[in-house]
Structures are given as structure tokens and as C-alpha cells.
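Notes for the structure review
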Amino acid sequence: MEDELRPEYDFAQMKGGVRGKYIERYRTKTNLVRLDPDVAEAFPNDEAVNNALRLLIQITQRQQAQTNVQPTE
């Protein structure tokens, strides 16, 4: 990887920066999930992941509804 920063950018000379200053705000407003490589291969984008998860939710809800329905005699 090629370094594209100009030589005059000396971050050691910068003062006042606080590492992780906004991390808690970031965490509360995002919901990122890292997929394992084998799972990521199956889903090309976030829409595909969301569709698959919605389908899984529907299947689970249907199975729970069927389990909760008791046969009448």
C-alpha cells in the first residue's frame, strides 16, 4: 500500500486530539455486524442479508404459531 500523505502532515505535532472521543455515540447509533468470510460470500450486500434475516424471522414466527396452536378434539 502506498503512503499518500504529504510529508508536511506530522500528526505527532497535532495537539488536542482524543482517541475514541465519539465511540460511545457511534455505538449507540449504529448496528454493524461483521460476517465471517464464508457467510459473506453468500450475501453480496446488506439488502441480501436483511432479506434472508426477514425470511428467517417469518419462518420462526410461523413455527412458533403452529407450536402454540393446540389441536382441538
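So, here is what we can say about the structure in this document. (Residues numbered from 1 in each chain as written. Predicted model: local features only at pLDDT ≥ 70, side-chain atom pairs only at ≥ 80, totals over all residues. Heavy atoms only, no water.)

1. With respect to the pattern of salt bridges
This structure, assessed with the given rule, holds two salt bridges. In this structure, E8 and R6 form a salt bridge, with 3.9 Å as the shortest nitrogen-oxygen distance. We note a salt bridge from R27 to E24, for which the minimum N-O separation is 3.4 Å. In this pair, R27 and E24 both sit in helix α1 (residues 23-29), three residues apart, roughly one turn of the helix. R27 gets classed as exposed once you look at its relative accessible area, which sits at 53%. (Salt bridge = Lys/Arg side-chain N within 4 Å of Asp/Glu carboxyl O. Helix = DSSP H or I, 4+ residues; strand = E, 2+ residues; numbered from the N terminus. Buried < 20%, exposed > 50% of the residue type's maximum accessible area, 1.4 Å probe, protein only.)

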